Amino acid sequence: MACVELRNVWKIYGGEVEAVIDASWECQDGEFFSILGPSGCGKSSTLRMIAGLEEISRGEILFNDQVVNKLPPSSRNIAMVFENWALYPNLTVYENIAFPLRVRKMPKDEIDRKVKEAAEFLNLTPILNSGVRHLSGGEMQSVSIGRAIVREPAVLIMDEPISHLDAGLRARMRDELKKQVERLHVTTLYITHDQVESMAMADRIAIMNLGEIQQVGTPLDIYYHPRNDFVGGFIGEPPMNFIFCELLQEGDQLFIVTPAFRMQLDDEGKPQFQRYSGSSKLKLGIRPEDVRVRLQPLPNSITLVTDFVEPQGDRTIISLRLNDSDILLAQVLGSLRPDVGQPVYVTFDQRHMHFFDIETGLNIKNLE
Ligand code: ADP
Ligand code: MG
């Protein structure tokens, strides 16, 4: 096994396309580390440099503190699982898994032992002699993982392995994949553009956008302490609300002032944000689940008009009108169903509010 470290790594294609910009992070031995970001943000370029399939334009990549920049892929002991699983359609499950060992000219009985071990581990023993053509998606995934792990790689790399599946199957495969990888205890780099996958599976996540690392942290850390507005908006569904605002002091009270409302900061908000009073050019970030909606007025509530109601069983998404062009999404549990056009009374869970600098996008708590 190995830890993987990137030190100020860049990938510049053709002297001009900056696909990866000054990336630095470290994945621990045995960690399940996810690289998350929208399409085109530089995820695959990062992995290809780690695997040795792409030259590193600048910076260093280290495995266990050894610089590997010049090592060919075959010397890096990395296994890759791709989106299409790339199985050999004419071979059996057994032969697909055995393939990388045969290429390495391993003795036959050793191959046999390793293939059977991997098959047992992945519940493939009953279908070892079947062709792979007619396997279910789940079985094909297991075979492709079997083939990747049979030679005991130091690092397992998966590039969007389940992204192309439909939602139901993807959820099942995600759970299955997580179980398999957990039992393997192999250092795993997992690429996806789907925040749900990263949140559900990863020990830690590196979020990328436009070639740059935005934040590295545990799923909960990233969820509750987004470093900037991109991370806040990318993680979470329905997405975080953003509202332009100022923080204004009046007497000994602090207020969020937006074109649509004024809200006093309460005992949970005020101590956190007091020192930013007087800041203008901010964007308030508040998740729909942290917006509370009541049909009766509450102390410090603001009044907004219901625009749209979307029942989702145990919870309801309510769109509230801020002004002609902006809405505030609330997600409430239970059966609260205001009518369209009905005024409701809204407060925020101020523990979970964020303020982002409009120009830099940074969470003001990260500005110092
Ligand atoms: P992701 O995997 O996050 O979708 P990629 O790493 O594939 O992103 O691509 C990042 C950026 O680099 C994109 O703008 C893409 O068009 C560009 N890119 C990727 N590969 C090449 C290449 N071989 N030559 C030129 N540009 C490339
Ligand atoms: Mg990619």
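Please refer to the structure placed before this passage.
An account of the accompanying structure is given in this report. (Residues numbered from 1 in each chain as written. Chains lettered and ligands numbered in written order. Predicted model: local features only at pLDDT ≥ 70, side-chain atom pairs only at ≥ 80, totals over all residues. Heavy atoms only, no water.)

Focus on the overall build of the protein chain
Which entries qualify depends on this criterion: Note on conventions: DSSP H or I runs of at least 4 residues are helices, E runs of at least 2 residues are strands, and numbering of each starts at the N terminus. Think of it in three bands: with a 1.4 Å probe and only protein chains considered, a residue is buried below 20% of the maximum accessible area for its type, exposed above 50%, and partly exposed in between. Only the protein chains shown count as covering a residue, and every accessible area follows the Shrake-Rupley method with a 1.4 Å probe.
Tallying secondary structure elements over the protein chain gives 9 helices and 20 strands in all. Viewed in the frame of its principal axes, the protein chain has a C-alpha envelope of about 80 × 45 × 35 Å. Looking at the protein chain as a whole, 49% of its 368 residues are labelled buried. Just so you have it, the protein chain exposes about 17400 Å², and 49% of that area is on carbon and sulfur atoms.

Considerations on the packing of aromatic side chains
What counts, and what does not: Working definition: a ring pair exists when centres of Phe, Tyr or Trp rings (six-membered ring for Trp) sit within 6.5 Å. Plane angles under 30 degrees give stacked, over 60 give edge-to-face, the rest tilted. Note on geometry: a ring has a charge over it if NZ (lysine) or CZ (arginine) is within 6 Å of the ring centre and within 35 degrees of the ring normal.
Evaluation of the coordinates by the stated rule reveals 9 aromatic pairs. With a centroid separation of 6.0 Å and 75 degrees between ring planes, the pair formed by F261 and F348 is classed as edge-to-face. On the criterion of sequence distance, the pair formed by F261 in the loop between β12 (253–257) and β13 (262–264) and F348 in strand β19 (residues 343–348) is long-range, its members being 87 residues apart. Side by side, F261 and F348 carry an identical accessibility label, which is buried. When the ring centre of F121 is taken as reference, the NZ or CZ atom of R183 above it lies at 4.3 Å. The ring of F242 has K283 lying over it, and the distance from NZ or CZ to the ring centre is 4.9 Å.

Examining the sheet that holds strand β15 (residues 291–294)
Using the following cut-off: When DSSP finds at least two bridges between two strands, those strands are taken to pair. Lines fitted to the C-alpha atoms define the axes, with helices restricted to the stretch that makes contact. Angles between their N-to-C directions range from 0 to 180 degrees.
If you trace the 5 strands from one edge of the open sheet to the other, you get β15-β19-β16-β17-β18, paired in antiparallel fashion. With one partner strand each, in any of the chains shown, β15 and β18 (327–333) form the two edges of the open sheet. Geometrically, the sheet is characterised by an average inter-axis angle of 45 degrees between neighbouring strands, direction not taken into account. Pairing between strand β17 (residues 315–321) and β18: 7 bridges, direction antiparallel. Paired with L320 across the strands is L328, a residue of β18.

Observations regarding the pairing of strand β10 (residues 212–217)
Pairing of strand β9 (residues 204–209) with β10 involves 5 bridges; the strand directions are antiparallel. Residue pairing for β10: A206 is matched across the bridge by V216.

Quick notes on the site of ligand 1
What counts, and what does not: In this text, near means that some heavy atom of the residue lies within 4 Å of the molecule or strand in question. For the purposes of these results, a polar contact is taken to be a pair of N or O atoms within 3.5 Å, where, inside protein, one atom must be able to donate a hydrogen and its partner to accept one; residues adjacent in sequence count only when each atom of the pair is a side-chain atom.
Surrounding ligand 1, one finds Y13, A19, P38, S39, G40, C41, G42, K43, S44, S45 and R48. A distance of 2.6 Å is found between an oxygen atom of ligand 1 and a backbone nitrogen or oxygen belonging to G40. For ligand 1, an oxygen atom lies 2.8 Å from a polar atom in the side chain of K43. Relative to its unbound accessible surface of 560 Å², ligand 1 loses 60% to contact with the protein.

Details of helix α5 (residues 167–184)
The condition that has to hold: Expected helix span is taken as 1.5 Å per residue step, with the number of steps being one fewer than the number of residues. Within this analysis, the arc is defined by the directions that extend from the helix axis to the C-beta atoms. In what follows, residue pairs with any heavy atoms lying within 4.5 Å of each other are defined as contacts.
Its 18 residues give α5 an end-to-end C-alpha distance of 26 Å, which sits within 8% of 26 Å, the value for a rise of 1.5 Å per residue. Taken together, the buried positions of α5 are occupied by M173, R174, L177, Q180 and V181. In a view along the axis of α5, the buried residues occupy a sector of 140 degrees, so they form one face of it. Along its buried surface, α5 packs onto β3 (32–36), α3 (108–121), α4 (137–149), β7 (155–159), β8 (187–192) and α6 (195–201). Remark: H185 follows α5 within two positions and exhibits a positive phi of approximately 50 degrees.

Observations concerning the layout of surface pockets
What counts here: Here the term cavity refers to a set of points on a 1 Å grid, laid over the protein atoms alone, in which a 1.4 Å probe fits but cannot get out; the term pocket refers to an open set having protein on both sides within 12 Å along at least five of seven lines, with lining residues being those that place an atom within 4 Å of a point. Grid points are joined across faces, edges and corners, and a volume is the space filled by probe spheres set on the points. Note on residue categories: nonpolar means Ala, Val, Leu, Ile, Met, Phe, Trp, Tyr, Cys or Pro, charged means Asp, Glu, Lys or Arg, and polar means any other residue, Gly included.
When its volume is computed, the largest pocket comes out at roughly 520 Å³. Elements represented by at least two residues in the lining of the largest pocket include exactly β6 (78–81), α2 (93–103) and α4. Per element, the largest residue contribution to the lining of the largest pocket is 4 residues, and it comes from β6. Here the residues of the lining of the largest pocket sort into 15 nonpolar, 3 polar and 3 charged. By volume, the second largest pocket amounts to about 220 Å³.

Quick word on the pairing of β18
Burial of β18 is extensive: 5 of the 7 residues sit out of reach of the surface. Hairpin connection, β17 to β18: the antiparallel pair is bridged by 5 residues.

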